[in-house]
Amino acid sequence: MKTFVVLFGSSAAFGAAIAVTYFFVAHQEAAGTALLGIMTAALAFTAGYAVVAERDADLEGDDPNARRDEASGEIVGVFTTSSAYPIVIALIALCTLLGLLFVPLLGGVSLLALVYVLWRMGAESART
Amino acid sequence: MIEWITSTDHKKIGTTYIVATVGFFVLAGISAMLIRAQLAVPENTFLGPHLYNQIFTLHGTAMIFFVIAPFGIGLANFLIPLQIGAPDMAFPRLNAIGVWLFVLGGLTVFAGLASYGGAAAAGWTAYAPLSEIAQGTGAGQDMWLVGLLMASVSTILTAINFLVTVFLMRAPGMTMFRIPIFTWEMLATSVLILMAFPSLAAVFAMLLIDRHLGGHFFDAPYGGNPILYQHLFWFFGHPEVYVMILPYFGIVTEIVATFSRKPVFGYVGLVIAAFAIAGLSLGVWAHHMFTTGAVSNPFFSAVSFLIAVPTGVKFVNWIGTMWKGSIELSTPMLFAIGFMLNFLIGGITGVMVASPPLDYDAHDSYFIVQHFHYTLGGGSMFALFAALFFWFPKIFGICLDERLGKWCFAFTFVGFNVTFVPMAFMGLEGMARRVYTYPPVEHLALLNGIASAGTVVLAIGVVLFFVNVLVSAAKRVPAPANPWGGYSLEWIASSPPPEFNFESIPQIRSRRPAWDA
């Protein structure tokens, strides 16, 4: 995770430098300064979150001499091989967007269906 | 069929991406042929202005959003877990949602052709206020916006998946500085996507609000600002150029090292260059807006020039990798070399138009069309073919015919250059882009005729690829695990790899695990 923090932290520092430079060089132009500012904040938040949430992470992938048996069994995790929810969610998302534009009733119903199917997929994910 | 569409296996999802992008590539290619047929002679009425606008909008949209960028994402879906020694992506369901949002989004955009008023016709940039005229553009423009919103959400979800997978799921010993360059390039691409794509989703949502809910974000008479649209669009749009090129830098690096029989020269330099390009690309968006007079031209010009430095570093690395190598000119390597030659022209013309005085002259002319086709067509598309030839045996378990592959390269390389070199001269003679016809002045008729003839040669090259796939599928020569002598971990797995990729968890001790095995 050290690389992750360095990557996002240095990107945030770079973003901040660009934002400040842009603010002065572009005569306080608002749109660009706001975009660069939001970008910098997002990068800094991601780096900060990694520092707080993953400070105790001990990954076999970070150890150049890690052995195979150190990453076996439950450590690898369980991966589902199939689920019908993803394609259903994509179809309902399409119905929601097109419905909201052309047939608002269909859009509203689809939106409710989308929330329900996402919840069901979350439940499935918790099981497998 | 049901098994395939409900699968959450990263290899099947990656293959679905690749097949879908190739399908969209065919549609984009047909639209390109129609464009060149219309422009082959002056004052042609073959398509007519409104249909021409729809066709060139679909061509640009398909190539950018549904071919070049997602092909890299699809290939990464297939390769990243294999290259880092993981059994799958971190979030398999999220991955599957991404691919289906992408496929349905693309189909929605093209379905606009069947709507009243036809498909979207405001260009791939959909500049406001042109794209806000709801009655003039009809349902096709709305379907275009819906399709691209879905594709942008898909891309964001996939980028999150890539980042989590690479950082948390590497095999024992696969440290960050042992992962292959392609995976590094996808990491940089993912960061870029997370920074840039929300801006696209936001601007398209604002456009939909303007079109349907009486909003006036970009409507100047009501206090809106069309320049704001350009800022938000290009804050996504220029990083998107690098989303379309960084994965291909990775592809070329892998291929050059494999066919030079040498380790990658300057591994760390390539990684730093990838992130330098990604970082700088977030600060150059308004070089597309020099001529608006509403942006700081010196700032954006200076940062645009700077990008040439890390890009040059990559060329040094590729040449260094080939230097004194035992070079084998197989089809993937030929396409990789074609990429380098073409991309160099695209890059140099890019440096030219990074200069505001030159850009004022070239802006919205065919010089720009030539420039971006050399970066994305001659560059990314050639690397796309290189990747297809290189990883086809791994993905599908059968070898492609080398002789047909070389013919495919010859036709595409010659056809591409015959098509796009004349466009630089058209631009210099003042031919504007996005026009459906032109008067018979200067040398425009001759230059356009040559360009259209070149498209036919290019199309023959593309058709040869499909012929190659069909012939090879009929022959079914089984591919060994490592047909090219590649060095990265995916070449240890069988072709095609089994479910969860490896028989046992790989243990990594160097950057070239396949050569260690």
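Residues numbered from 1 in each chain as written. Chains lettered and ligands numbered in written order. Predicted model: local features only at pLDDT ≥ 70, side-chain atom pairs only at ≥ 80, totals over all residues.

## With respect to the overall build of chain A
Defined as follows: Secondary structure follows DSSP: runs of H or I at least 4 residues long count as helices, runs of E at least 2 residues long count as strands, and numbering of each begins at the N terminus. In this setup the radius of gyration rests on C-alpha atoms only. A globule is expected at 2.2 Å times the number of residues raised to 0.38. Burial in this document is a count-based property: other C-beta atoms within 10 Å of a residue's C-beta are tallied, and the residue is buried at 20 or more, exposed at 12 or fewer, or partly exposed in between, with C-beta positions derived from the backbone. Any pair of residues counts as being in contact when their C-beta atoms, constructed from backbone geometry, are within 7 Å of one another.
Looking only at helices and strands, chain A has four helices and zero strands in total. When its helices and strands are written in sequence order, chain A yields α-α-α-α. Taking 2.2 N^0.38 as the reference for a compact globule, 128 residues should give roughly 14 Å; the C-alpha atoms of chain A span a radius of gyration of 22 Å, well beyond that estimate. In terms of principal-axis extent, the alpha carbons of chain A reach across some 55 × 50 × 20 Å. Counting every position in chain A, which comprises 128 residues, the buried fraction comes to 26%. A fraction of 56% describes how many contacts in chain A between residues 6 or more apart in sequence connect residues 24 or more apart.

## Re the overall build of chain B
Check the secondary structure of chain B and you find 16 helices and zero strands. A compact globule built from 517 residues should have a C-alpha radius of gyration of about 24 Å, and chain B, at 22 Å, falls within 12% of that. Structurally, chain B occupies a C-alpha span of about 65 × 50 × 50 Å along its principal axes. Burial statistics for chain B: of 517 residues in total, 60% are counted as buried. Of the contacts formed within chain B by residues at least 6 apart in sequence, a portion of 83% connects residues at least 24 apart.

## Describing helix α3 (residues 49–84) of chain B
One full turn of an α-helix is made of 3.6 residues, so residues set three or four places apart face in the same direction. All names here are of chain B. Convention followed: By this rule the span expected of a helix is its residue count minus one, scaled by 1.5 Å. One axis fitted to the seven residues ending at a residue, another fitted to the seven starting there: the angle between these axes is the bend at that residue.
Over its 36 residues, α3 extends 50 Å from the first C-alpha to the last, a length consistent with the 52 Å expected when each residue adds 1.5 Å. In the structure, α3 departs most strongly from a straight axis at proline 70, where the bend amounts to approximately 45°. Of all 36 residues making up α3, 32 are buried, and the element is well covered by its neighbours. The first or second residue beyond α3 is glycine 85, which carries a positive phi of 80°.

## Some words on the domain arrangement of chain A
Formally: In this document the domain limits rely on a domain assignment from an automatic tool or a database.
When cut into domains, chain A gives domain 1 (2–62) and domain 2 (85–127). Each of domain 1 of chain A and domain 2 of chain A was reduced to a C-alpha centroid, and the two centroids are 33 Å apart.

## Focus: the interface of chain A and chain B
Heads up, the rule is: Here the nonpolar group is Ala, Val, Leu, Ile, Met, Phe, Trp, Tyr, Cys and Pro; Asp, Glu, Lys and Arg are the charged ones; every other residue, Gly included, is treated as polar.
Opposite the 48 residues of chain A that make contact, chain B presents 48 residues. Listed by contribution, the elements that provide at least two residues to the side of chain A that touches chain B are α1 (2–25), α2 (30–53), α3 (85–102) and α4 (104–127) of chain A. By residue number, the principal contributor to the side of chain A that touches chain B is α3(A), which donates eleven residues. When its residues are assigned to classes, the side of chain A that touches chain B shows 30 nonpolar, eleven polar and seven charged.

## Re the environment of A:Val5
Residues and elements named next belong to chain A. Among the secondary structure elements, valine 5 is positioned in helix α1. Residues valine 5 and tyrosine 49, spaced 44 residues apart in sequence, show a C-alpha to C-alpha distance of 9.0 Å. When near neighbours in sequence (up to four residues on either side) are disregarded, valine 5 contacts Ala47, Ala50 and Val51.

## What to know about the packing of α3(A) against α4(A)
Two measures define how a pair of helices packs: the angle their axes make with one another and the distance between the axes. Residue and element names in this part refer to chain A. Condition: Angles here are taken between N-to-C directions and fall from 0 to 180 degrees, while the axes themselves are lines fitted to C-alpha atoms, restricted in helices to the stretch in contact. Working rule for angles: under 35 degrees goes down as roughly parallel, over 145 as roughly antiparallel, 65 to 115 as roughly perpendicular, anything else as oblique. Crossing handedness is read from the near helix: turned anticlockwise from the far helix by less than a right angle, it gives a left-handed crossing, and turned clockwise, a right-handed one.
Between α3 and α4, the least distance of the axes is 7 Å, while the angle of their chain directions is 160°. As far as their axial angle goes, α4 and α3 are roughly antiparallel. α3 and α4 meet at a crossing whose hand is left-handed. Every residue of α4 that contacts α3 at Tyr85, Val88, Ile89, Ile92, Ala93, Cys95, Thr96, Gly99 and Leu100 is listed here: Pro104, Leu106, Gly107, Ser110, Leu111, Ala113, Leu114, Val117, Leu118, Arg120, Met121 and Glu124. Of the residues in the contact of α3 with α4, the class split is 15 nonpolar, four polar and two charged.

## Structural notes on unusual backbone geometry
The phi torsion of most residues other than glycine is negative, and most of the peptide bonds are trans. Residue and element names in this part refer to chain B. Here the bond from alanine 128 into proline 129 is cis, since omega is 10°, no more than 30 degrees from zero. The omega torsion of the bond from serine 495 to proline 496 falls at -5°, within 30 degrees of zero and hence cis. If you trace the backbone, proline 496 turns up in the loop between α15 (444–475) and α16 (513–516). The backbone of alanine 126 shows a phi angle near 50°, a positive value even though the residue is not glycine. Its location among the elements puts alanine 126 in the loop between α4 (92–111) and α5 (134–168). Its identity is not glycine, yet arginine 434 carries a phi of approximately 65°, on the positive side. Counting through the fold element by element, arginine 434 comes out in the loop between α14 (402–428) and α15. A tally of 13 C-beta atoms within 10 Å means that arginine 434 is categorised as partly exposed.

## Thoughts on the packing of helix α13 (residues 366–396) of chain B against α14(B)
Residue and element names in this part refer to chain B. Between α13 and α14, whose axes approach to 8 Å, the crossing angle comes to 170°. Viewed along their axes, α13 and α14 adopt a mutual orientation that is roughly antiparallel. Counted together, Tyr366, Phe367, Ile368, Val369, Gln370, His373, Tyr374, Gly377, Gly378, Phe385 and Phe389 of α13 and Gly405, Thr412, Phe416, Phe420, Met423, Ala424, Met426, Gly427 and Leu428 of α14 form the full contact between these two elements.

## Section: helix α7 (residues 226–243) of chain B
Residues and elements named next belong to chain B. Between its first and last C-alpha, α7 extends 25 Å over 18 residues, near the 26 Å set by a 1.5 Å rise per residue. The sharpest bend along α7 measures roughly 30° and falls at tryptophan 234. Here α7 lies mainly inside the structure; 14 of its 18 residues are buried.

## Comments concerning the nonpolar core
What counts here: In these notes, a nonpolar core means any group of buried Ala, Val, Leu, Ile, Met, Phe, Trp, Tyr and Cys residues linked to one another through C-beta atoms within 7 Å.
One finds B:Val252, B:Ala383 and B:Ala386 to be the most contacted residues of the largest nonpolar core, which totals 202 residues. Looking at this core element by element, the count peaks at 21 residues for α3(B). Both of domain 1 (2–62) and domain 2 (85–127) of chain A provide at least three residues apiece to this core.

## Describing the environment of B:Thr321
Residue and element names in this part refer to chain B. Relative to the elements of secondary structure, threonine 321 occurs in helix α10 (residues 297–322). As for threonine 321 and glycine 449, which are separated by 128 residues in sequence, their C-alpha atoms are 40 Å apart. Ignoring sequence-local partners within four residues, the contact set of threonine 321 consists of Val256, Ala257, Ser260, Lys262, Val264 and Phe265.

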